[in-house]
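Structural overview
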Amino acid sequence: MRSADYMRLAATSLKFNKMRSFLTALGITVGIAAVVLLTSLGGGVQQYMLGQFTQFGAHIIAVNPGKTSTIGLSGAIISNVRPLTLDDAASLEQLNGVLTAVPIVQGNLPVETGNRSRWTMVLGVNHQAPQTWQFKIAQGQFLPDEPAEQARNLSVIGHKIKTELFPDTNPLGKRIRIGQERYRVIGVMEEKGQILGIDLDDAVYIPAHRGMALFNRESLMEVDILYRAGWNEDKLVKAIKKHLIRRHGAEDFTINTQSDMLGTLGSILNILTAVVAGLGSISLVVGGVGIFTIMSIAVNERIREIGLLRALGASRTQVTLMFLLEATFLSGLGGIAGMLTGLGVAWLLHAFIPALPVNVEWNYVLLAEVIAIFTGIIAGLLPARRAAALPPVDALRSE
Amino acid sequence: MRILDTLNFSQTTLRAYPARTALILLAMAIGVASVIILTSLGEGARNYVTGQFRSLGTHLLFILPGRSETTGGLPPLLGTSPRDLTIDDAIALKQSPAIRHVAPLLLGNAPVSHASREREVTVLGSSNEMQVIMTLEVIMGKFLPAENPRIGSPVCVLGDKLYHELFGNRNPIGEWVRIGSYRYRVIGVLGDKERAFGFDNSDAVIIPVASAQTMFNKTSLFRILVKASSADALDRAKEDVLRIIRQRHEGEDDVTVIRQDALIGTFDEILKILTWVVAGIAAISLIVAGILIMNVMLVSVSQRRAEIGLLKALGASTREVLQLFLSEALILSLAGGVIGLGIGFVGAQALQVWLPDFPVQVPLWSIIAALLVTLITGLAFGLIPARQAARLDPVIALAGK
Amino acid sequence: MIKLRDICRNFQVGDETVHALDQVTLDIAAGDYISVMGPSGSGKSTLLNMLGLLDMPNSGSYLFENKELTKLSEEKRARFRREKIGFIFQSFHLVPRLTAAGNLELPLMLTGMLPAKRRVLVQEALASVGLEDRAHHLPKQLSGGQQQRVAIARAMIMKPPLLLADEPTGNLDTHSGDEIIKTLEVLNQTGITLIVVTHDLELGQRAGRTIQMVDGKVVHDES
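Predicted model only: the values in this text are computed from it and were never measured.

A few words on the overall build of chain C. The helix and strand tally for chain C stands at seven helices and 10 strands. The C-alpha radius of gyration computed for chain C amounts to 17 Å, which stays within 12% of the reference 17 Å derived for 223 residues, consistent with globular compactness. Its C-alpha atoms give chain C principal-axis dimensions of roughly 50 × 40 × 35 Å. Here chain C holds 223 residues, and 56% of them are scored as buried. Counting only contacts in chain C whose residues sit at least 6 apart along the sequence, the fraction spanning at least 24 positions is 70%. Approximately 9800 Å² of chain C is accessible, and the part contributed by carbon and sulfur atoms is 50%. Distance between charge centroids for chain C: 9 Å, based on 25 positive and 27 negative side chains.

Bringing the environment of B:Asp393 into the picture now. Checked against the element boundaries, B:Asp393 lands in the loop between helix H11 (364–391) and helix H12 (394–398). Relative accessible area serves as the criterion here: at 38%, B:Asp393 is assigned to the partly exposed category.

In this section: unusual backbone geometry. Residue C:Leu53 is not a glycine yet carries a positive backbone phi of 65 degrees. Positionally, C:Leu53 belongs in the loop between helix H1 (44–51) and strand S4 (59–64).

Turning our attention to helix H3 (residues 100–111) of chain C. Counting buried positions along H3(C) gives 11 out of 12 residues, so the element sits mostly inside the fold. Looking only at H3(C), the buried set comprises C:Ala100, C:Ala101, C:Gly102, C:Asn103, C:Leu104, C:Glu105, C:Leu106, C:Pro107, C:Leu108, C:Met109 and C:Leu110. If you follow the buried residues of H3(C), they end up packed against helix H1 (3–16), helix H9 (303–311) and helix H10 (316–352) of chain A together with helix H2 (74–84), helix H4 (115–128) and helix H5 (144–156) of chain C.

Turning our attention to the sheet that holds strand S5 (residues 67–68) of chain C. Residue and element names in this part refer to chain C. Ordered by their spatial adjacency, four strands build an open sheet running S2-S1-S4-S5, and the pairing between neighbours is antiparallel. Taken across any chain shown, the strands that pair with only one partner, and hence form the sheet edges, are strand S2 (16–28) and S5. Two elements, S4 and S5, share two bridges in a ladder whose sense is antiparallel. For Phe 64, the partnering residue across the bridge sits in S5 and is Lys 67.

What follows covers the interface of chain C and chain A. Listed per partner, the contact involves 28 residues of chain C and 27 residues of chain A. Interface area for chain C against chain A, summed over the two sides, is near 2600 Å², with a carbon-plus-sulfur share of 60%. If you look at where chain C meets chain A, you find five salt bridges. For the interface between chain C and chain A, the tally reads 12 residue pairs in polar contact (both at pLDDT 80 or more). Residue assignment for the side of chain C that touches chain A shows that the elements contributing at least two residues are H2, H3 and H4 of chain C. Broken down by element, the residue count for the side of chain C that touches chain A peaks at six residues, all from H2(C). Residues belonging to the side of chain C that touches chain A are distributed by class as follows: 14 nonpolar, four polar and 10 charged.

Moving on: the domain arrangement of chain A. For chain A, the assigned domains read domain 1 (3–52 + 264–397) and domain 2 (101–226). Computed over C-alpha atoms, the centres of domain 1 of chain A and domain 2 of chain A are 58 Å apart.

All right, on to helix H5 (residues 160–167) of chain B then. Residue and element names in this part refer to chain B. Along H5, the positions that sit buried rather than exposed are Asp 160, Leu 162, Tyr 163, Leu 166 and Phe 167. Seen from one end, H5 has its buried residues packed into an arc of 165 degrees, which puts them on one side. Gly 168 occupies a position one or two residues after H5 and carries a positive phi of about 65 degrees.

Looking now at the arrangement of the chains. Contacts are most numerous between chains A and B, taken over all two pairs of chains that touch. You won't find any contact between chain B and chain C; their C-alpha atoms come no closer than 10 Å.

Quick look at the environment of A:Arg118 now. Residue and element names in this part refer to chain A. Secondary-structure assignment places Arg 118 in strand S4 (residues 116–125). The sequence separation of Arg 118 and Asp 202 amounts to 84 residues, and the corresponding C-alpha distance is 9.5 Å. At a separation of 2.9 Å, a polar atom in the side chain of Arg 118 contacts the side chain of Asp 202.

Looking now at the side chain of A:Ser155. Residue and element names in this part refer to chain A. As for its placement among the helices and strands, Ser 155 is situated in strand S6 (residues 154–157). A relative accessible area of 0% means that Ser 155 is categorised as buried. Dropping the residues within four chain positions of it, Ser 155 is found in contact with Leu 143, Ile 176, Tyr 183, Arg 184, Val 185, Ile 186, Gly 187, Val 204, Tyr 205 and Ile 206.

All names here are of chain C. Read across the open sheet, the six strands follow the order S6-S7-S8-S3-S9-S10; overall the sheet is mixed. Of all the strands in the sheet, the pair left with one neighbour each is strand S6 (85–88) and strand S10 (217–222). On average, each strand axis in the sheet is inclined to that of its neighbour by 20 degrees, with strand direction left out of account. The pairing of strand S3 (residues 33–37) with strand S9 (residues 209–214) spans four bridges and is parallel. Directly across from Val 36, in S9, lies its bridge partner Ile 211.

This part takes up a nonpolar patch on the surface. There is a patch of nonpolar side chains on the surface, built from A:Trp347, A:Leu348, A:Phe352 and A:Ile353 and spanning about 500 Å² of accessible area. Residue position: A:Trp347 is located in helix H10.

Residues and elements named next belong to chain A. Residues Leu 154 and Val 156 line one face of S6 and the alternating positions Ser 155 and Ile 157 line the opposite face, and both faces are buried. As paired elements, S6 and strand S8 (residues 181–189) share four bridges and run parallel to each other. Looking across to S8, one finds that Ser 155 is bridged to Val 185. Where S6 and strand S11 (residues 203–207) come together, two bridges link them in antiparallel fashion. Bridged to Ile 157 within S11 is Val 204.

Residue and element names in this part refer to chain A. For strand S13 (residues 253–257), the buried fraction is high: four of the five residues fall into the buried class. Relative to S13, strand S1 (residues 60–65) runs antiparallel, the two being bridged by five bridges. For Pro 65, the partnering residue across the bridge sits in S13 and is Phe 253.

As a further point, take the nonpolar core. Ranked by size, the top nonpolar core spans 124 residues in total, and within it A:Phe323, B:Phe325, C:Leu47, C:Leu51, C:Tyr62 and C:Ile195 carry the most contacts. It is helix H8 (residues 260–303) of chain B that provides the largest number of residues to this core, a total of 13 residues. Setting aside residues up to four positions removed in sequence, B:Phe325 forms contacts with B:Met297, B:Ser300, B:Val301, B:Arg304, B:Ile308, B:Ala386 and B:Ala389. Residues B:Cys156, B:Leu162, B:Phe216 and B:Ala233 belong to the second largest nonpolar core, which totals 44 residues.

All names here are of chain B. Between helix H9 (residues 305–313) and helix H10 (residues 318–354), the least distance of the axes is 10 Å, while the angle of their chain directions is 140 degrees. In terms of orientation, H9 lies oblique with respect to H10. Every pair of crossing elements has a handedness; the one defined by H9 and H10 is right-handed. Residues Ile 308, Leu 311 and Lys 312 of H9 touch H10, and the partners they reach there are Thr 318, Val 321, Leu 324 and Phe 325. Here the contact of H9 with H10 is composed, by residue class, of five nonpolar, one polar and one charged.

What counts, and where the lines are drawn
- Numbering of residues begins from 1 in every chain and follows the order in which that chain's sequence is written.
- Following the order in which they are written, the chains are lettered starting with A and the ligands numbered starting with 1.
- It should be noted that, the model being predicted, local features are given only for residues of pLDDT at least 70 and side-chain atom pairs only at 80 or more, the latter also being counted only at that level, while totals for whole chains, interfaces and linings use all residues.
- The side-chain values count all of the structure's non-hydrogen atoms but skip hydrogen atoms and water molecules.
- Helix numbers and strand numbers start at the N terminus; a helix is a DSSP run of H or I with at least 4 residues, a strand a run of E with at least 2.
- Each radius of gyration reported is based on C-alpha atoms, and the globular scaling rule is 2.2 Å times the count of residues to the power 0.38.
- The buried label goes to any residue with under 20% of its type's maximum accessible area, the exposed label to any with over 50%, and the partly exposed label to all in between, with areas taken from a 1.4 Å probe on protein chains only.
- Whether two residues are in contact is decided by their heavy atoms, any of which lying within 4.5 Å being enough.
- Reported accessibility uses the Shrake-Rupley method at a 1.4 Å probe radius. Residues are deemed covered only where the shown protein chains occlude them.
- His is not counted here, nor are the chain ends, while Lys and Arg score as positive and Asp and Glu score as negative.
- For charged residues, the charge sits on one atom: NZ in Lys, CZ in Arg, CG in Asp, CD in Glu.
- When DSSP finds at least two bridges between two strands, those strands are taken to pair.
- Defined here as a combined quantity, buried area equals the accessible surface (1.4 Å probe) lost by two parts on assembly, summed across both.
- By convention in these notes, a salt bridge is any Lys or Arg side-chain nitrogen within 4 Å of a carboxyl oxygen on Asp or Glu.
- N or O atoms within 3.5 Å of each other form a polar contact, as long as, within protein, one can give a hydrogen and the other can take it, and as long as residues adjacent in sequence are counted only when both atoms are side-chain atoms.
- Asp, Glu, Lys and Arg are counted as charged, while Ala, Val, Leu, Ile, Met, Phe, Trp, Tyr, Cys and Pro are counted as nonpolar; the rest, among them Gly, fall into the polar class.
- Here the limits of each domain have been adopted from an automatic or database domain assignment.
- What the arc measures is the spread of directions leading from the helix axis to the C-beta atoms.
- The axes used here are C-alpha line fits, helices contributing only the stretch in contact, and every angle between their N-to-C directions lies in the interval 0 to 180 degrees.
- Put simply, a patch holds well-exposed residues, over 30% relative accessible area, that have no salt bridge, with like charges counted together within 9 Å and Val, Leu, Ile, Met, Phe, Trp or Tyr side chains within 5 Å.
- Only buried residues count toward a nonpolar core. Its members are Ala, Val, Leu, Ile, Met, Phe, Trp, Tyr and Cys residues joined through side-chain atoms within 4.5 Å.
- Roughly parallel refers to an angle under 35 degrees, roughly antiparallel to one over 145, roughly perpendicular to one between 65 and 115, and oblique to any angle outside these ranges.
- Take the far helix as the reference: if the near one is turned anticlockwise from it by less than a right angle, the crossing is left-handed, and if turned clockwise, right-handed.

What follows is the structure, encoded as structure tokens:
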């Protein structure tokens, strides 16, 4: 029998019981729509998180003092017996492929001007920070390139600090007090928003050397290295390691690359998406039970017809295929409808709540379709085989 | 028709099609069981996490140096501030009658070595009272001595893992280890279940805080841990902490005080929402099961036209036919729900066996919610077929075809 | 054309064994018009099913054009039915979802014939039973006689040499029944072997050869 004829026969019997076919397919539709929608949301979260991470640019290697500790915080935040110095940072800049090396110290301090005061994040960095982190200056300029130890008391303020401390005036050239020291404002950063819960606009940038003095620290917390795009990251990591071991005599630092972090984050989020897809597929299983039930009923109702088909010379295989195809049709149609519904709802969600990240995971969509069709085959197999195995004489006689 | 008779009649028709009935029950049961199992997992996670926090005792305060005005974000875990949080600050907190225990905490990283073995671990500088506050268990020797925290004696307490790495199974008490460039005598070993807040104390060493200050050449503390005299005293303790620190820091509010129960509350809330979401996703399958009930009931109505016609001819009212079919749908959904509950309970028990540390528990609300949803599902999806049955014209119905 | 030798067919009903066919031996020549008569339970339907390969004997031999059929596999039997045998039933057995044309197409579909070719054959077959204007009607839109004519057209569409009819007029009024019988007899006159199982004495007598069955045995065979 030709495959087009199988399909036509299946379509005829599905059309004959429209409501029943619709409801059966609807079961699968709901399951597939759930999987497509949930994985789209999962994918959206994933893309959002990765986007947050790569906002600083993808070609950054971070060096922290101390080996990574068991508490999961790097040595930057807690104390360490082995410091990472401004000289270390400066020397890293000499390595091949390195564009910038930004020394970082960071802390929380009250920043005051006149009668206004605000606790904020103070970052000690150098002039290369905007290039490294892809930040833009809204007003004035960033910290100048001057010898680290002779850095003057200059500061660049974040957008929020400007609105909080200088709501009506131009902050350029004004003095602010950080800790016990006075700094001149020479620039304002462009608004950047929150990244991973840290408000980057609520920050003040000062020279790293001054920051270390302010926080009374002899070690930097981190050095961020920007390397040339296309440069081999693994090789560079090795070069940095070798260079610092030569300077320190031991490996008393930790190197984190952007790709390591993205990799870890990516795999966690992948698992999350898979779990969510798994939860959605519970509905798919129930939908499969639905197809099984309805196909069993259909076989029962059509016993006489099966007998006739056998009398007309249909083989068992042909009868099996006819019923199997009906089940597969149902699940396939349900799957496509589910996919469209899922995509539609995802699209609508995104249209109405733009903040909600949505990213369609086509892998999962395809997988869901395949599973839907497979569900149909599995659920249809038993009833179809039962239909084929009926003795034709009995089937013809059945009421 | 009496309710009991209605139910009985429905029951006989359901029994007439055992395979069909069994499949619907299966579909319903899968949905309910997954809701039950997933909520019990979520509830287990919640109990586990809050239990971890509570194991420290419930009336703790954490004092962090520095402050941030960005609200809604994380507390300022990172960075330092200009005015240090010092040992003297910690000692001063003891003035408050609302505060029972105070432990300064200084955190660092240093290599620890004994004989030829070396390991880079977390170094916790603290005081005797840390044991009470963090409810640490010492399995060998004793904890840091109760001494003036400004004086650091060269003694240390090893975490379980560090102990095994350095000493194997030998008795370490009285032995000397080198931490950084100083020598310390081992006076105690912690039990192997000491972790909370993500501090894994098993790969760490605890030394007196003053020794840690010397080692890291640093006076500023990482945290001060405070245990209030009672849960009721927590608010007073927090006020006192802020007042005392303000006095000592020239009128500046430059610390952040976090109540432990606030942290618990946050985690509790997050995990509760997570459990609801997961249960909600699983509950989608109940809708699918409902669709199946409706579908099969519709089939059943069209197959039983003659029977419905007969019932009407015998004097059954439209309402009675409606009730008859509705009760069939209800029996199906509720029986499926009850079977699902059973499977869910067994599944939760199995999980408990598999994850012995995890307090898997079927929450009461999920049982009630699951049964309620199955009931509603049965009613909602049974209604259309039941109405179809009730509206059948007896003459046409009896004529068959 | 057909040689049945010592065909036995037993059914187990509870503890008892029912001999539906008991050592039936029969020769049927091509072009025969045979009626099988007998009380209900005499085995005449079983004989028909046996001849149509819907049922298999417990013992005995069935030669069709000198080919032994009792050893055929399930799939080969299906193929044999498709090509060599046409069935007509008391209850017509039309697929309710398919139109008259769709029902006629079924056997052709099973062979994998192309749709264009099928349409031609279906049209011819419908015309031969005078129903060309009913091609797109569903069975329920046709009268009983029309339905049975569709069934006959379907049985003949593969041009089988053997046509088996089980009470073909049982569900029809006298007038329609007569028409059906005449249609079948016309087919017989074109050389097709026709075997009709019937209760109807008058109908039975029209056949060139009548076989009487009682308790699974052929008790009377008269040409």
